[in-house]
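What follows is the residue order along each chain.
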Amino acid sequence: GGGGGGKKDRHAQQHAALATLYGYRCEALYELGAYDASVRDARDALECERSSRSDGSGASDRPYSSSGRNPSGGGTSLHPERGAVLRAKVSYLLGLSLLRGGNVKGVEDAFEASYDVAEKALEDASDIRESGNKPSITHKRAVDVLKDTIQGATEGKSTLQEYDVLKTKLDTGSFKKDFIDVLDRALEIAPASMEWQIAKVRHLIGRRRWFVVANHCEQVAAKRVQLEGIFTGDLADLDPFPGIPPVKELDPDFFAENSKDDTPLHLRMLSPKATRDAVFRMPKEIMPYYLRALRLEERYSGAVLVGTALVEFDTKAKAAGNDYFAENERYTREWERLDNTIKMKEEGDLLFRDAYYDRAVALYGECLDIDKGSADFDGSSNSILRQSSSWPVARSHANDAGGKLHAVLHSNRAACFASMGRYEDAVKESSHAIEIHSMYTKAILRRARCHAKLGQDEKAKADFNRYVMLVEGARDHPYPPPNQGSACYFDMPSNVSEEQLDKVKSEMNELGIKPIETRNNRSTMRSPIAGQPKKSWLNKLWCCKNNAASQVVTSPSYRRPEYDRAMPEGGSDQQPPVQAKRKVSFKSSRQTRPPVAIPPPQSVSPPDPPSKKVAPTIIKSRPAFDHPIDASSVVVDPTMDYYATLGLTSSASDSEIKQAYHKGAKENHPDRNNTKEAQARFLQMKLAYNVLGDTEKKREYDKANTPKIDP
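An account of the accompanying structure is given in this report. Worth saying up front: this structure is predicted, and the values here are computed from it rather than measured.

### Examining the pattern of salt bridges
Where charged atoms from two side chains of opposite charge approach closely, those side chains can pair.
Alright, step 1. Taken as a whole and judged by the stated rule, the model has 33 salt bridges.
Alright, step 2. The partner of aspartate 237 in a salt bridge is arginine 40, with the nearest N and O atoms 2.9 Å apart. Within this pair, whereas aspartate 237 is found in the loop between helix 8 (210-224) and helix 9 (272-279), its partner arginine 40 is found in helix 2 (residues 35-55), the two being separated by 197 residues in sequence.
Alright, step 3. Taking the relative accessible area as the measure of exposure, aspartate 237 reaches 56% and is therefore exposed.
Alright, step 4. The shortest N-O distance in the salt bridge between aspartate 425 and arginine 422 comes to 2.7 Å.
Alright, step 5. Owing to a relative accessible area of 15%, aspartate 425 belongs among the buried residues under this scheme.
Alright, step 6. With relative accessibility at 28%, the residue arginine 422 sits in the partly exposed group.
Alright, step 7. A single salt-bridge network, built from bridges that share partners, covers Arg292, Arg295, Glu334, Arg337 and Asp371.

### Quick word on a nonpolar patch on the surface
Alright, step 1. Residues Leu18, Leu21 and Tyr24 make up a contiguous nonpolar surface patch of roughly 300 Å² in combined accessible area.
Alright, step 2. Considering the arrangement of structural elements, one finds leucine 18 in helix 1 (residues 2-32).
Alright, step 3. The partly exposed category is assigned to leucine 18, whose relative accessible area is 38%.

### Details of the nonpolar core
One broad trend across soluble globular proteins is that nonpolar side chains are buried collectively.
Alright, step 1. With 70 residues, the main nonpolar core has Val213, Leu250, Met282 and Tyr290 as its most contacted residues.
Alright, step 2. Per-element tally for this core: the top contributor is helix 8, with eight residues.
Alright, step 3. When neighbours within four sequence positions are excluded, tyrosine 290 is seen to be in contact with Ala214, Cys217, Glu218, Thr275, Val279, Met282, Arg299 and Val306.

### A few points about the packing of helix 14 (residues 403-419) against helix 15 (residues 423-436)
Alright, step 1. Direction vectors running N to C along helix 14 and helix 15 enclose 165 degrees, while the axes themselves pass 8 Å from each other. Of the possible angle classes, the one that applies to helix 14 and helix 15 is roughly antiparallel. Both helix 14 and helix 15 take part in a crossing whose hand is left-handed. Mapping the contact onto sequence places Gly403, His406, Ala407, His410, Ser411, Arg413, Ala414, Phe417 and Ala418 in helix 14 and Tyr423, Asp425, Ala426, Glu429, Ser430, His432, Ala433 and Ile436 in helix 15.

### Description of unusual backbone geometry
Alright, step 1. The backbone of arginine 208 shows a phi angle near 60 degrees, a positive value even though the residue is not glycine.
Alright, step 2. In this fold, arginine 208 is placed in the loop between helix 7 (194-206) and helix 8.
Alright, step 3. Within the chain, glutamate 298 stands out as a residue other than glycine whose phi angle is a positive 60 degrees.

### Describing the packing of aromatic side chains
Alright, step 1. Under the defined criterion, the tally for this structure stands at 10 aromatic pairs.
Alright, step 2. Seen in terms of ring centroids, phenylalanine 254 and phenylalanine 255 are 4.9 Å apart; in terms of plane orientation they differ by 85 degrees. Their pairing is edge-to-face. Each of the two residues, phenylalanine 254 as well as phenylalanine 255, counts as buried.
Alright, step 3. Geometrically, the ring pair formed by tyrosine 643 and tyrosine 701 is tilted, given 6.0 Å between the ring centres and 45 degrees between the ring planes.

### Observations regarding helix 22 (residues 654-668)
Alright, step 1. If you check helix 22, its first and last C-alpha atoms are 21 Å apart, about what 15 residues at 1.5 Å a residue would give, namely 21 Å.
Alright, step 2. What helix 22 keeps buried is the set Ile657, Ala660, Tyr661, Gly664, Ala665 and Asn668. Seen along its axis, helix 22 keeps its buried residues to an arc of 125 degrees; they face one direction. Among the exposed residues of helix 22, those pointing more than 90 degrees away from its buried face are Ser655, Gln659 and Lys663.
Alright, step 3. For helix 22, the elements touching its buried residues are helix 21 (642-645), helix 23 (676-692) and helix 24 (695-704).

### Remarks on the environment of histidine 266
Alright, step 1. Mapped onto the secondary structure, histidine 266 falls in the loop between helix 8 and helix 9.
Alright, step 2. On a C-alpha basis, the gap between histidine 266 and phenylalanine 211 in space is 9.0 Å, while along the polypeptide they are 55 residues apart.
Alright, step 3. Among all residues touching histidine 266, those that are not within four sequence positions of it are Phe211, Asn215, Pro480, Pro481, Pro482 and Tyr489.

So, how was this worked out
Residues numbered from 1 in each chain as written. Predicted model: local features only at pLDDT ≥ 70, side-chain atom pairs only at ≥ 80, totals over all residues. Heavy atoms only, no water. Salt bridge = Lys/Arg side-chain N within 4 Å of Asp/Glu carboxyl O. Helix = DSSP H or I, 4+ residues; strand = E, 2+ residues; numbered from the N terminus. Buried < 20%, exposed > 50% of the residue type's maximum accessible area, 1.4 Å probe, protein only. Patch = residues over 30% accessible without salt bridge, like charges linked within 9 Å, V, L, I, M, F, W, Y side chains within 5 Å. Areas by Shrake-Rupley, 256 points an atom, 1.4 Å probe, with all protein chains shown as cover. Core = buried A, V, L, I, M, F, W, Y, C linked by side-chain atoms within 4.5 Å. Contact = heavy atoms within 4.5 Å. Axes fitted to C-alpha atoms, helices over the stretch in contact; angles between N-to-C directions. Parallel < 35°, antiparallel > 145°, perpendicular 65-115°, else oblique. Left-handed = near helix turned anticlockwise from the far one by under 90°. Phe/Tyr/Trp six-rings, centres within 6.5 Å; stacked < 30°, edge-to-face > 60°. Expected span 1.5 Å × (residues − 1). Arc of directions from axis to C-beta.

Below you can see the structure in the form of structure tokens.
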């Protein structure tokens with residue numbers, strides 16, 4: 001009998017030690033974000049702890065106490081790493097790990113068990129205080145752990161209730177205006193839920209916010225870098241990315257708040273080499289979307305590295321009998337689109353550089369057609385060479401896929417038309433670019449100049465003043481807020497220098513247009529320190545330092561003529577001499593072209609004065625964002641949720657819209673609230689009301705604001 005009891009005690013000690021080890025590792029895995037592994041270790045720890053109590057002699061009489069007794073007598077001594085304390089803490093970690101993974105089944109039971117065990121263990125330990133014996137330091141630590149566990153379990157149950165409400169909203173789709181806010185809150189609670197990660201990516205794609213798609217995917221991947229090397233031994237079967245190449249460039253702290261980079265998280269982008277590491281550390285379901293986002297944001301170096309790495313990895317996996325990419329057609333289609341986009345874009349830029357404007361505009365149109373009819377990954381195959389693309393005429397609408405690529409292509413087509421003197425077509429293409437990127441300063445300025453060429457003085461005035469207002473406003477608010485503003489983040493107003501702005505104002509004066517007066521116009525100092533201009537957020541953001549002109553492929557042997565020829569994405573809109581224009585030719589080989597005879601420099605006469613002068617506008621002294629907005633300068637941006645800005649739903653009546661605007665404007669007016677947040681909010685509400693308060697613009701916005709969600 002004695003030998004059997006000793007064997008049981010040894011088994012109990014072994015199981016107790018295993019329970020402690022599993023508990024330690026469970027906590028470490030939870031902190032790293034390996035929630036599936038943490039769940040399994042928590043269950044193993046509870047099973048071992050249960051076995052230690054059943055094997056130990058007499059331990060089961062007090063199921064809520066530790067196996068030891070207080071050496072001074074008079075009650076049960078608690079230990080922070082064994083018995084009831086371990087059981088309560090591990091149950092709490094089990095509930096948290098399940099919740100973080102988005103699995104609500106068993107979460108409430110785990111929190112209830114943790115709360116009950118901790119509460120009863122504290123009651124059982126109260127005998128020590130009643131006996132008058134002094135508790136040990138270890139016992140005090142254990143009591144503190146139990147109290148923290150009770151508080152954590154209580155908060156966990158409250159968080160679970162909140163998550164259930166959020167999940168019901170997301171599942172039923174019973175709301176629209178705060179969808180992204182609800183989704184972000186659900187992801188804060190359950191960051192490892194693939195359901196919500198994919199839902200967010202698809203929501204962003206539906207609104208054509210490709211920059212944010214790439215940013216979100218990269219943040220997910222960066223967080224998973226810290227899991228490198230932990231899925232070994234008995235955890236190998238839980239490795240979410242088996243056999244992937246080791247990380248080389250991706251920094252797990254790149255998107256951390258305490259990073260050395262002071263750029264906002266939602267505006268950071270990985271380097272091309274880091275994207276290659278990132279793509280293997282994101283869910284396979286969103287990999288094709290990420291590859292497409294890189295292409296549509298013109299991050300070609302990263303896209304090529306990502307595509308090449310995926311092809312190489314897939315080839316090795318198939319050779320080893322592992323079909324890693326079950327839906328290989330998605331990657332094949334995206335790879336083909338990337339290849340065609342790069343080739344056509346470069347060819348179009350070369351044609352433009354050599355003054356083949358008619359051929360360049362047609363090739364840019366073919367590049368636009370690559371994504372026509374293929375916004376969804378539905379397996380449809382559409383020819384990228386359409387007959388309509390061969391006609392160098394302005395498009396009737398902007399490309400539905402959105403993204404920087406298509407905004408740039410429309411802007412480049414506008415530059416081609418302007419260089420050929422076809423200003424009406426240039427206005428149309430510039431408008432398409434602005435529709436995609438509502439703060440695209442080069443497109444706004446080009447459209448203003450084309451309106452002036454056409455003698456459309458009021459429209460020119462509206463665009464010029466919109467340009468000035470955006471640039472002046474960016475001095476105080478250089479960073480666009482997350483989930484708001486334009487769908488694109490390039491060529492932003494804050495990238496315009498003071499010298500460029502002054503030149504535009506001089507040009508406006510020559511045309512008889514008085515620049516809109518803003519608070520910054522009247523200020524004698526533009527920055528807190530005299531003589532030191534504010535840093536542009538694009539100077540901080542390395543990904544946007546390359547200006548649009550860098551997208552043009554140039555040759556070392558090419559010498560730009562001394563007259564100012566418009567280049568894609570940024571040159572002057574002045575028309576080159578007529579002698580430089582080429583005849584239309586659609587031969588595919590550029591080697592057969594005759595050399596371009598560049599004429600000598602010619603003086604360019606200043607633009608003719610407008611037919612009627614614009615009377616100076618009398619504006620009261622007030623902040624820049626408080627100016628009346630010219631109705632013709634308001635661009636309807638379907639990616640903006642104007643209803644949510646006013647705190648309304650899309651079913652709001654005209655009177656409700658007006659009432660909500662006046663109420664919000666009153667609360668956030670600078671006379672009442674002088675904070676920068678209130679100023680930004682005031683401007684957002686003003687822009688929203690200028691759209692929703694206008695019958696035609698509201699109809700246009702409602703028609704275009706139906707998101708297309710990918711399957």
